[in-house]
Amino acid sequence: MAVYEANQTYQPSTHLAVTRPTISTVDIERPQTIKEASLEGEDHFDYSQRAQWLRAAVLGANDGLVSTASLMMGVGAVKEDVKFMILTGFAGLIAGACSMAIGEFVSVYSQLDIEVAQIKRDNLARKNEEEDSNAEKENLPNPFQAAGASAVAFSIGAIVPILAAAFIKDHKVRMGVVAGATSLALLVFGVLGAILGKSPLLKSSLRVLFGGWIAMAITFGLTKLVGKSGL
């Protein structure tokens, strides 16, 4: 007399017991943990999308700060006249802002031309050409916006050392104030860039600070050397 288990069937042809696979309802209906549920519903932001305007804004301001402060420190190494120092800083602000705006405009316009040409090639194989094209064109870079952002950001950074030197009569104190104000602004820009880009805070800010110090020191030293040599 054969005895059959609940999860087995009897096959007359082979007299073999075949085990039926059982499906655990625990795996199917397992409730999500709080962590899983929060991650599933969380709206993850792609911080790489910030790269273009972050570079044009924070890094543009940093460029204006470092280049203008370095110019003023270089001039201050050979001339003590405050008016001459401020005039040099203002000229650096105008020249740098124009250079940044034109360079950004040309660069972004070239990128725009490439992306528009690629969209046209891609749309040749699509049915909803007009709809797809309009959707993609909304995400294209704007050369005028990038140029304006670069010029404004550069000017904001460049105005810091100019204002720092404007109200100081003593030459040595003025040089120290310019270096101090520039260092503080470098830290602020470094921290701001790290926060917006989600990069290491201390490492990013110190990198920006040391880079600015090196630029000012080299400009000051070489200008003073050239001034003493009488070239």
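Look up: the structure comes first, before these words.
Residues numbered from 1 in each chain as written. Predicted model: local features only at pLDDT ≥ 70, side-chain atom pairs only at ≥ 80, totals over all residues. Heavy atoms only, no water.

Chemist: What's the story with the overall build of the protein chain in this structure? I'm lost.
Modeler: Helix and strand counts for the protein chain stand at eight helices and two strands. Ordered by position in the sequence, the α and β elements of the protein chain form the string β-β-α-α-α-α-α-α-α-α. Out of the 231 residues in the protein chain, the part that is buried amounts to 28%. Summed over all atoms, the accessible surface of the protein chain reaches about 15,500 Å², with 64% contributed by carbon and sulfur. (Helix = DSSP H or I, 4+ residues; strand = E, 2+ residues; numbered from the N terminus. Buried < 20%, exposed > 50% of the residue type's maximum accessible area, 1.4 Å probe, protein only. Areas by Shrake-Rupley, 256 points an atom, 1.4 Å probe, with all protein chains shown as cover.)

Chemist: How should the packing of helix 6 (residues 143–166) against helix 7 (residues 171–197) be read in this particular structure?
Modeler: When two helices pack together, their arrangement is given by the angle between the helix axes and by the axis-to-axis distance. Viewed as axis vectors pointing N to C, helix 6 and helix 7 meet at an angle of 150 degrees, and their least axial separation amounts to 8 Å. The orientation of helix 6 relative to helix 7 falls into the category roughly antiparallel. Viewed along their axes, helix 6 and helix 7 form a crossing whose handedness is right-handed. Facing Gly157, Val160, Pro161, Ala164 and Ala165 of helix 6, the residues of helix 7 in contact are Arg174, Val177, Val178, Ala181, Thr182, Ala185 and Phe189. (Axes fitted to C-alpha atoms, helices over the stretch in contact; angles between N-to-C directions. Parallel < 35°, antiparallel > 145°, perpendicular 65-115°, else oblique. Left-handed = near helix turned anticlockwise from the far one by under 90°. Contact = heavy atoms within 4.5 Å.)

Chemist: Which parts of the structure should I look at to understand a nonpolar patch on the surface?
Modeler: On the surface, a cluster of nonpolar side chains totalling about 450 Å² of accessible area is made up of Leu187, Leu202, Leu206, Phe210 and Trp213. Among the structural elements, Leu187 can be located in helix 7. Residue Leu187 is classed as partly exposed on the basis of its relative accessible area of 31%. (Patch = residues over 30% accessible without salt bridge, like charges linked within 9 Å, V, L, I, M, F, W, Y side chains within 5 Å. Salt bridge = Lys/Arg side-chain N within 4 Å of Asp/Glu carboxyl O.)

Chemist: Teacher, can you tell me more about the environment of Val177 here?
Modeler: Mapping Val177 onto the fold places it in helix 7. Sequence separation between Val177 and Ala164 is 13 residues, and the spatial gap between their C-alpha atoms is 6.3 Å.

Chemist: Please clarify how the packing of helix 4 (residues 82–123) against helix 6 should be interpreted in this entry.
Modeler: Where helix 4 contacts helix 6, the axes come no closer than 8 Å and their chain directions differ by 165 degrees. Regarding the angle of helix 4 to helix 6, the classification is roughly antiparallel. The crossing of helix 4 and helix 6 is right-handed. Tallied by class, the residues present in the contact of helix 4 with helix 6 amount to 22 nonpolar, five polar and one charged. (Nonpolar A, V, L, I, M, F, W, Y, C, P; charged D, E, K, R; others polar.)

Chemist: What exactly am I supposed to notice about the packing of aromatic side chains here?
Modeler: Each aromatic ring pair is summarised here by two numbers: the centre-to-centre distance and the angle between the ring planes. Scanning all chains against the criterion turns up three aromatic pairs. Here Phe105 and Phe144 contribute two aromatic rings whose centre-to-centre distance is 5.1 Å and whose plane-to-plane angle is 65 degrees, an arrangement assigned as edge-to-face. Taken together, the residues span a long stretch of sequence, with Phe105 in helix 4 and Phe144 in helix 6 at a distance of 39 residues. The interplanar angle of 55 degrees and the centroid separation of 5.6 Å between the aromatic rings of Phe210 and Trp213 together place this pair among those described as tilted. In this pair, Phe210 and Trp213 are both assigned in helix 8 (residues 201–229), three residues apart and thus about one turn of the helix distant. In this structure Trp213 comes out as partly exposed when scored by relative accessible area, which is 38%. Connected via pairs of aromatic rings, a cluster forms that spans Phe105, Tyr109 and Phe144. (Phe/Tyr/Trp six-rings, centres within 6.5 Å; stacked < 30°, edge-to-face > 60°.)

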